[in-house]
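These are the residues of each chain, in order.
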Amino acid sequence: MTDSLLSIRGLSVEFKTELGLVRALSEVSFEVPRNSVTAVVGESGSGKSVTSNAILRLLPDTAQSSGEIELNPQDGEPVIITSLDERDPQMQNLRGGLVSMVFQEPMTALSPVHRIGDQVAEAVLCHRDVSPDVAWAEAAAMLEQVGLADAESKMRMFPFEFSGGMRQRVVIAMALICHPQLLICDEPTTALDVTIQAEILVLIKSLQRKLNNSVLFITHDLGVVAQIADRVVVMYNGQVMEIGSVRQVLKNPQHPYTMHLLSSMPGAATDFREKNKNWSDGAAIGAGTFLVEADAGRKIREFRELSP
Amino acid sequence: MSQLLSVTDLCKSFAGESVVKSVSFELNESSTLGIVGESGSGKTTLVRSILRAIEPDSGTVRYNSREGWHDLHSLSPKELLPLRREIQMIFQDPFASLNPRMTVQTILEEPLIIHGIGDKESRKQQVAKMLEKVQLDSSSASRFPHAFSGGQRQRIGIARALILEPRLVVCDESVSALDVSVQAQILDLLASLQSELGLTYLFVAHDLRVVREFCDDVLVMYSGNVVERGSVEEIFNNPQHDYTRLLLSAIPSPDPDEKLQPLDRKSLLLDAGLTV
Amino acid sequence: MSELRELTPGQLAWLKFRRHRLAMIAAGSLIFLYTIAIFCEFISPYTPEQRNSRAINAPPMDVRFFDAEGQFNFRPFVYDLELTINPDTWMREYEEDASTAYPIRFFTRGEPYEFWGLFEAERHLFSVDPNGPGYIHWFGTDSLGRDVFSRVLYGARVSLSIGVVGVGLTLFLGVLLGGFAGYLGGIFDSAVQRMTEVLQSIPTLPLWMALSAALPAAWSPITTYFGVTIILSLFGWTTLARQVRGRFLAMREEDFVVAARLIGANDQRVVFRHMLPSFSSHIITTATLAVPAMILGETALSFLGIGLRAPVVSWGVLLQQAQNYQVIVMTPWLLLPGAFIVVTVIAFNLLGDGLRDAADPYSSLRQQ
Ligand SMILES: Nc1ncnc2c1ncn2[C@@H]1O[C@H](COP(=O)(O)OP(=O)(O)OP(=O)(O)O)[C@@H](O)[C@H]1O
Ligand SMILES: Nc1ncnc2c1ncn2[C@@H]1O[C@H](COP(=O)(O)OP(=O)(O)OP(=O)(O)O)[C@@H](O)[C@H]1O
Ligand SMILES: [Mg+2]
Ligand SMILES: [Mg+2]
């Protein structure tokens, strides 16, 4: 048994589009150690979501991937996720059981027409053979843990009666209720206000300590990284630029791209900013890729034709 | 420094719900006023009422134009037209704010045509000059917005706002949708344009780190009210209001050794007599 | 890659549309059908009223390249038909007579016609030797000995054009009323809304029938044609008006429309330069999907005998004349116009699907 819960080795993903093949990830490798928070940070379009979706095999049919993703559960055989069949019962067991995910938009993850309590209890019933009463009780306990006071009465409410922060707590509770060993959070706080973001960050961190699981936390905000992560993976344009402990990466960055990101943070020291203002990706990026300035822009999809 | 804008007792409600509750403030020329507050606190409603994109329920917005003071809301559309040149806006979403079916040339030329400025040839030159100012290649003019990245589009939006040589520019979350590195470039650009053209900014943002860096003064809004107003130093170093303190305590520092310790939202806001 | 950045929105849409194989086939078929409809006088070997007394209820004739000995002929030909009367049933039965072949000739002189009612001509695209005894009825003939192929082509002109003209009228009404309702709001909006609700709640067929029945029988064919078109579009515009209104309401709040207002653009400019172009593709799609309904409407009315009437030839009129069960057994080729209707309707629907996908050329560039 190795000491990392998840190993990604040489993961490459390409998408077939009407404009040709688009390379989203090339040769991404990193590990997620046990009992820690690993943050993946990078600009929009850098491949953060593709990486996390690949772990749960949530990529669309147009995606072709190569490489290996291995999960080493605490008690049990290692699983090579990439070689599992979509319909394999092990895959079912994995999703929501060993690994679960919190998405960016809390509203879309909750059904608007079912009571909060039913939705959380449902998550229990999906994976374990318990009576509805037990599931309900467990749901209540979990909601208390994520900081929803008076959980029993709140469970009878509907999602629209909750604020954004409360909804995101519910989603986190649903993700944690089956005691996953790996919790993947894809920008869980981007849609929230700063004050609520702060609460959620503190919550995720403290729950991770309490439950002794691992968290893969995806964000583009270095401030958030500093507050939540133990280890950091810096990605750019589908490639890993730098991996290290949070202190090393943020205080003593090695890669020029990391320096550039840090210097772009509002409030960065002026001389540091001037020095790293114009980062050019230079040779780091493979042939055939096309970039405009250093910015990939939010939502913009750079269609990069792979050279033949 | 002369006053440029004066808002008094501005109120706006939607379907009986008060969204902006009697807001008043003044804005000096060539300065930058940041407006911060949580989502739904009425920032967008406030600035759009100032621009007359929304009609407020009551209150006055007075603007000191080159010809003297005007009450913006008592002007007819015709009388308003010349003032539109002086007050412009940069939008949040660089994808939604440019007409996808127009070339950059058409987008940038349109304000000039509407205000009857120059002939075809001189307008073309003006567009080229503006593109250069926002650091875009002159070949961009013949392209469509979809051919640009988010940061480049935001530059086009800035060019459209500035081509009429406005004095007051309203930025509603104009950098929020951008990646940090692009954000830094755009803020640099806005700052250099300000010093070059003497612009006045009304800068709505939810990222306090950006406001701290970019603004001179800050207005903190909470559920339609202005709860605090002051210079950036005052607000960040010596916040008076509990809500401001809460906001400041929630900023995640990029230094892993400075631990995030948000204040407790509920007790704080209840203490301050605000509804949660 | 760098080319992508230079594509105009139109080119992007074309790129997406081209990938829709079925829609491309549909577009091709429709172009083919409409070309035929436009040149129907020239393409058909006979005029629709021309009778061939030697071939009453004749079945479709095969166009051949190989003769009875298996010899290949470069020029296609048809065999003569030999008529026998079945002594038991007294029915006409036709049999091919392999001893007499009529070669097909192109650009032959035949029955004179007025092309588009404008100038006279007598050339037909193909026929057999007009001076000889032969004839060619590719789709057979009806009970008066009229050539079904020619009649289908003439019918195509009426049926296909009624779809387009009707939809044009629908669009005009829908965009105008819907657009004003969405942009002006207030009383006008409510009035249009109520009107569409009322119109949509009336069952269409009985109302069509009532209105068509009111069309004076003495009207000339062309007036009846427009009468029917107007009746069809009077009920078609409601759906479109609702969609246009909805889009206007939503689009009034879009950033780029607000931006246009803030630079001082007046209502007219906002509507015509910014709002309408942004959903023209949407309108085109809706219109395409509305054409089949129009064509089917015409067919239904004519089939019931209350739409177009002979001597106008439309697919509906042709079907109406084939309206008895004997046809199905004895002369099934008279139902061929039905096949054309089916093909046209399917093609329009497929085309509409393709257009809908292509309508938002950016969808693939900013998915998520
Ligand atoms: N379904 C898809 N089809 C084609 N390309 C895709 C698809 N999904 C993602 N991509 C490509 O993969 C790249 C990485 O996308 P990804 O969503 O992982 O970015 P991200 O780092 O999560 O960005 P963001 O911060 O905006 O969420 C993008 O540049 C995009 O072009
Ligand atoms: N056109 C409208 N009709 C009805 N309610 C509206 C309308 N526009 C805004 N509101 C409501 O007014 C309140 C304030 O909205 P506003 O957009 O001004 O907030 P904001 O401070 O800009 O928030 P954000 O940071 O999310 O942009 C919200 O509760 C919103 O639901
Ligand atoms: Mg993502
Ligand atoms: Mg807003």
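The model shown is predicted, which means the values in this text are computed figures rather than measured ones. (Residues numbered from 1 in each chain as written. Chains lettered and ligands numbered in written order. Predicted model: local features only at pLDDT ≥ 70, side-chain atom pairs only at ≥ 80, totals over all residues. Heavy atoms only, no water.)

### Some thoughts on the overall build of chain B
Applicable threshold: Elements are defined by DSSP. Helices are runs of H or I of four residues or more, strands are runs of E of two residues or more, and each kind is numbered from the N terminus. Throughout, the radius of gyration refers to the C-alpha atoms, and the reference size of a globule is 2.2 Å times the residue count to the power 0.38. Note on exposure labels: buried denotes an accessible area under 20% of the residue type's maximum, exposed denotes more than 50%, and partly exposed covers the range between, all computed with a 1.4 Å probe on protein chains only. Contacts: residue pairs with any heavy atoms within 4.5 Å of one another. By the counting scheme adopted, Arg and Lys are positive, Glu and Asp are negative, and His together with the chain ends is not counted. The atom standing in for a charge is NZ when the residue is Lys, CZ when it is Arg, CG when it is Asp and CD when it is Glu.
Summing up its helical and strand segments, chain B has ten helices and ten strands in all. Taking 276 residues into account, the globule formula puts the C-alpha radius of gyration at 19 Å, and chain B, at 20 Å, falls close to it. Viewed in the frame of its principal axes, chain B has a C-alpha envelope of about 65 × 50 × 40 Å. Counting over 276 residues, chain B shows a buried share of 60%. A separation of at least 24 residues holds for 64% of the contacts in chain B among residues at least 6 apart in sequence. When the 28 positive and 37 negative side-chain charges of chain B are each reduced to one mean point, those points stand 7 Å apart.

### Details of the sheet that holds strand β5 (residues 68–71) of chain B
Residues and elements named next belong to chain B. Spelled out, the test is: For two strands to be treated as a pair, DSSP must find at least two bridges joining them. Between N-to-C directions, angles span 0 to 180 degrees; the directions come from axes that are lines fitted to C-alpha atoms, helices contributing only their stretch in contact.
Here four strands make up an open sheet; going across it, the order is β2-β1-β4-β5 and the pairing antiparallel. Edge positions in the open sheet fall to β2 (17–28) and β5, since each of these has one partner strand only. Across the sheet, the axes of successive neighbouring strands diverge by a mean angle of 15°, strand direction being ignored. Note that strand β4 (residues 58–65) and β5 share four bridges and pair antiparallel. Opposite Tyr63, over in β5, you have His70 as the bridge partner.

### Considerations on the domain arrangement of chain B
All names here are of chain B. This is how the line gets drawn: Segmentation of the chain into domains, including their bounds, is taken from an automatic or database domain assignment. Buried area, as used here, totals the accessible surface that two parts lose on assembly, with accessibility defined by a 1.4 Å probe and the loss added over both. Salt bridges, as used here, are contacts in which a Lys or Arg side-chain nitrogen is within 4 Å of a carboxyl oxygen on Asp or Glu. We call two N or O atoms a polar contact when they sit within 3.5 Å, provided that within protein one can donate a hydrogen and the other can accept it, with sequence-adjacent residues counted only if both atoms are side-chain atoms. Any residue that is not Ala, Val, Leu, Ile, Met, Phe, Trp, Tyr, Cys, Pro, Asp, Glu, Lys or Arg is counted as polar, Gly included; the first ten are nonpolar and the last four charged.
Here chain B is partitioned into domain 1 (3–86 + 165–271) and domain 2 (99–163). Each of domain 1 and domain 2 has a C-alpha centre, and these two points are 26 Å apart. Contact with domain 1, which involves 17 residues of that partner, is made by 14 residues of domain 2. Between domain 1 and domain 2 lies a buried interface of about 1,300 Å² when both sides are counted; carbon and sulfur atoms form 70% of it. Where domain 1 meets domain 2, there are zero salt bridges. Joining domain 1 to domain 2, the criterion identifies four residue pairs in polar contact (both at pLDDT 80 or more). Those elements that provide at least two residues to the side of domain 1 that touches domain 2 are α2 (77–84) and α6 (180–197). The greatest single-element share of the side of domain 1 that touches domain 2, amounting to eight residues, is contributed by α6. Here the side of domain 1 that touches domain 2 is built from residues that sort into eleven nonpolar, two polar and four charged.

### Re the interface of chain A and chain B
How big an interface is tends to be reported as the loss of accessible area on association of its parts. With 39 residues of chain A in contact, the opposing surface of chain B contributes 39 residues. Between chain A and chain B lies a buried interface of about 3,300 Å² when both sides are counted; carbon and sulfur atoms form 56% of it. For the pair chain A and chain B, the interface holds four salt bridges. Lys251 of chain A is the partner of Asp255 of chain B in a salt bridge, and the nearest nitrogen-oxygen pair spans 3.1 Å. Inspection of the region where chain A meets chain B yields ten residue pairs in polar contact (both at pLDDT 80 or more). Of all the secondary-structure elements, those providing two or more residues to the side of chain A that touches chain B are α7 (194–211), α8 (222–228), α9 (246–251) and α10 (256–264) of chain A. For the side of chain A that touches chain B, the class distribution of residues is 17 nonpolar, nine polar and 13 charged.

### Some details on the pairing of β4 of chain B
Residues and elements named next belong to chain B. Sheet topology places strand β1 (residues 3–14) next to β4; five bridges connect them, and they run antiparallel. Its bridge partner being in β4, Cys11 is matched across the sheet by Ser58. Linking β4 to β5, which pair antiparallel, is a turn of two residues.

### What about the domain arrangement of chain C?
Residues and elements named next belong to chain C. On domain assignment, one finds that chain C holds domain 1 (50–146) and domain 2 (152–362). With eleven residues of domain 1 at the contact, the number on the domain 2 side is nine residues. Carbon and sulfur atoms make up 71% of the area that domain 1 and domain 2 hide from each other, which totals about 740 Å². The largest share of the area that domain 1 buries against domain 2 comes from Asn57, Met91 and Phe139, three residues that together contribute 50% of it. At the boundary of domain 1 with domain 2, the tally comes to two residue pairs in polar contact (both at pLDDT 80 or more). Partitioned by chemical class, the residues of the side of domain 1 that touches domain 2 number six nonpolar, three polar and two charged.

### Focus: the state of the cysteines
Put plainly, two cysteines are in a disulfide when a covalent bond ties their sulfur atoms together. Our working definition: In this description, a disulfide is simply a cysteine sulfur pair whose atoms lie within 2.5 Å.
With the rule as written, the count across this model stands at zero disulfides over all chains. Cys126 of chain A takes part in no disulfide bond, and the closest cysteine sulfur, belonging to Cys178 of chain A, lies 8.0 Å away. Sulfur of Cys171 of chain B: no disulfide; nearest cysteine sulfur belongs to Cys215 of chain B and is 9.0 Å away.

### Description of the nonpolar core
The test is simple: By nonpolar core is meant a set of buried Ala, Val, Leu, Ile, Met, Phe, Trp, Tyr and Cys residues that side-chain atoms within 4.5 Å join together.
By size, the foremost hydrophobic cluster in this structure holds 116 residues, and its most contacted members are Leu143, Ile172 and Phe217 of chain A together with Leu108, Ile158 and Phe203 of chain B. Per-element tally for this core: the top contributor is α7 of chain A, with eight residues. Leaving out residues up to four positions away in the same chain, Ile172 of chain A has contacts with Val102, Val146, Ile200, Leu203, Ile204 and Leu207 of chain A. In terms of nonpolar packing, the next biggest core, distinct from the first, is built from 67 residues, Leu81, Val158, Val167 and Val313 of chain C among them.

### What to know about the pattern of salt bridges
Where charged atoms from two side chains of opposite charge approach closely, those side chains can pair. Per the counting criterion, the structure on display carries 34 salt bridges over all chains. Notably, a salt bridge pairs Asp255 of chain C with Arg48 of chain B, separated by 3.5 Å at the nearest N-O pair. Here Arg48 of chain B lies in helix α1 (residues 43–50) and Asp255 of chain C lies in helix α9 (residues 255–262), a pairing that spans two chains. A relative accessible area of 13% places Arg48 of chain B in the buried class. Residue Glu55 of chain B is joined to Arg52 of chain B by a salt bridge in which the shortest nitrogen-to-oxygen separation is 3.3 Å. Exposure remark for Glu55 of chain B: the relative accessible area of 42% places this residue in the partly exposed category. The exposure class assigned to Arg52 of chain B is buried, which follows from its relative accessible area of 17%. One connected set of salt bridges, linked through shared partners, spans Arg247 and Lys251 of chain A together with Asp255 and Asp257 of chain B.

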